[in-house]
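# Inside the fold
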Amino acid sequence: MEQSRIAHSIGIALDRFIKNNQGQFQYASGELSQLLRDIALASKVVNREVNKAGLIDIMGALGSQNSAGDDQQKLDVLANIRFTRALTKGGEVCALISEETESYVDLNNKGKYVIAIDPLDGSSNIDVNVSIGTIFSIYRRKSPEGTPIRDEDILQKGSEQVAAGYILYGSSTMLVYTTGHGVNGFTYEPTLGEYFLSHPDQKMPEDGKIFSVNEGPAASFPASVEKYLQYCKKDGSYTARYIGSLVADFHRNMLKGGIYIYPGTAKNPQGKLRLMYECNALSFIAEQAGGLASDGKNRILDIQPKALHQRTPFYVGSKKMVEKAKSFD
Ligand code: P6P
């Protein structure tokens, strides 16, 4: 019997992949490797805690609120601690922007990078065993190393990202990231404690038939969104899929084609999702995979942030679907 049929090859390990491709990264080679290694390490710890959440007392709300007044789940806070610790130890990060903290956290003013992170997005789904995710953006600081952090380091446009990614804690755990040279997906093998390349050079289908929208508040959607949804429904060949966990909905649309829309509503006129640590990262990945990301009018990556936790309407997914959705006014 052919040996390959006995021992099927597994993809290249994340560490090796980062090293093999660090030449593409425009800054000092070892820095990105260290940053991504720190994030991958923290994600392995979070993955372990997410997977046993039903067995130990870390489910449910903590009884506190985050900067936006959202109820913090115990795992939100735990994940924030894990990522903050890993990035502090790595020494490469000067400032950390997190959904879980009001202001940015000053980690090490000799660090050259700024990270914006949603440590555990969709955490209200933990108790019902639905997939959740981590979303991160990596920026290069603008101010000189060793000097105090400035607003120009923190409030950078999404187009300034040097890397971005997400971890999906789903039926399997995946880390998907880009450094501006395409998108690659890695699947975690818990028995080996390693991520292995499973989705090389991911491309988002140019068109699709899946729309991901919570139509509960549809009565207060902008007319353009209503018209687009009517267009899809009238066609009869579309499917509505909404997991209620951004990373899971985004990842499915990456693989199958689709559009995710979180528009402005009466309750959230600027939409619910955050520009700095949800939309920018997924927009960078979407564009690198051939998709589009818009606020309904403008390219997400061109938006100049004015506040850490600012929200934006979010249309992201297959190029032709986003273009069609934007064509309605
Ligand atoms: P709604 C989770 O709270 C989240 O930030 C995203 O993961 C998800 O897509 C969205 O909000 C769900 O919001 O209003 O549909 O429950």
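Keep in mind the model is a prediction, meaning the values are calculated, not measured.

Attention shifts here to the site of the ligand. The ligand sits among Asp-121, Gly-122, Asn-214, Tyr-242, Gly-244, Ser-245, Leu-246, Tyr-260, Tyr-262, Lys-272, Leu-273 and Glu-278. A distance of 2.7 Å separates an oxygen atom of the ligand from a polar side-chain atom of Tyr-260. Between the ligand and the protein, one listed contact pairs an oxygen atom with a side-chain N or O atom of Tyr-262 at 2.6 Å. For the shell around the ligand, the per-class residue count stands at five nonpolar, four polar and three charged.

Here the focus is helix α7 (residues 246-256). With respect to burial, α7 is a largely interior element, nine of its eleven residues being buried. For α7, the complete set of buried residues consists of Leu-246, Val-247, Ala-248, Asp-249, Phe-250, His-251, Arg-252, Asn-253 and Met-254. Looking at the residues trailing α7, positive phi occurs at Gly-257, about 90°.

If you look at the biggest cluster of nonpolar residues, it comprises 38 residues, and the most contacted ones within it are Ile-115, Leu-120, Ile-138 and Tyr-177. Top contributing element to this core by residue count: helix α3 (residues 29-51), with eight residues. Not counting chain neighbours up to four residues away, the residues in contact with Leu-120 comprise Val-46, Val-50, Leu-75, Asp-76, Ala-79, Ile-126, Ile-132, Gly-133, Thr-134 and Tyr-169. The next biggest cluster of nonpolar side chains, apart from the first, holds 30 residues, and it includes Met-174, Tyr-260, Leu-273 and Phe-284.

The next point concerns unusual backbone geometry. Not every positive phi belongs to a glycine, and Asn-129 is a case in point at roughly 60°. Structurally, the position occupied by Asn-129 is in the loop between β5 (113-121) and β6 (132-140). By relative accessible area, Asn-129 is classed as exposed at 75%. With a phi angle near 50°, Asp-201 is a residue other than glycine that sits in the positive phi range. Here Asp-201 shows up in the loop between β10 (194-199) and β11 (210-212). Judged by relative accessible area, which is 48%, Asp-201 ranks as partly exposed.

The next point concerns the domain arrangement of the protein. Split by domain assignment, the protein resolves into domain 1 (11-199) and domain 2 (210-326). Computed over C-alpha atoms only, the centres of domain 1 and domain 2 are separated by 22 Å. Counting residues at the interface gives 48 residues for domain 1 and 32 residues for domain 2. On the domain 1 side of the contact with domain 2, Ile-135, Leu-155 and Tyr-166 bury the most area, a combined 22% of that side's loss. Linking domain 1 with domain 2 are zero salt bridges. Where domain 1 meets domain 2, there are twelve residue pairs in polar contact (both at pLDDT 80 or more). For the side of domain 1 that touches domain 2, the elements supplying multiple residues, two or more each, are β3 (93-98), β5, β6, β7 (163-169) and β8 (173-178). With seven residues, the top contributor of residues to the side of domain 1 that touches domain 2 is β6.

Turning to the packing of aromatic side chains, a few remarks are in order. Any pair of aromatic rings gets described here by the distance separating the centres and the angle formed by the planes. Taken as a whole and assessed by the stated rule, the structure comprises ten aromatic pairs. When the centroid spacing of 5.0 Å and the interplanar angle of 70° are considered together, the rings of Phe-17 and Phe-186 count as edge-to-face. With Phe-17 in helix α2 (residues 14-21) and Phe-186 in strand β9 (residues 183-189), this pair connects stretches of sequence that are 169 residues apart. Taking the relative accessible area as the measure of exposure, Phe-17 reaches 11% and is therefore buried. Here Tyr-228 and Tyr-231 contribute two aromatic rings whose centre-to-centre distance is 6.1 Å and whose plane-to-plane angle is 25°, an arrangement assigned as stacked. With Tyr-228 and Tyr-231 both in helix α6 (residues 223-235), this residue pair falls three residues apart, about one helical turn. Assessed through its relative accessible area of 1%, Tyr-228 is described here as buried.

Conventions we followed
- Residues numbered from 1 in each chain as written.
- Predicted model: local features only at pLDDT ≥ 70, side-chain atom pairs only at ≥ 80, totals over all residues.
- Heavy atoms only, no water.
- Near = heavy atom within 4 Å.
- Polar contact = N/O pair within 3.5 Å; in protein donor to acceptor, adjacent residues only side chain to side chain.
- Nonpolar A, V, L, I, M, F, W, Y, C, P; charged D, E, K, R; others polar.
- Buried < 20%, exposed > 50% of the residue type's maximum accessible area, 1.4 Å probe, protein only.
- Helix = DSSP H or I, 4+ residues; strand = E, 2+ residues; numbered from the N terminus.
- Core = buried A, V, L, I, M, F, W, Y, C linked by side-chain atoms within 4.5 Å.
- Contact = heavy atoms within 4.5 Å.
- Domains from an automatic or database assignment.
- Buried area = accessible area lost by both parts, 1.4 Å probe.
- Salt bridge = Lys/Arg side-chain N within 4 Å of Asp/Glu carboxyl O.
- Phe/Tyr/Trp six-rings, centres within 6.5 Å; stacked < 30°, edge-to-face > 60°.

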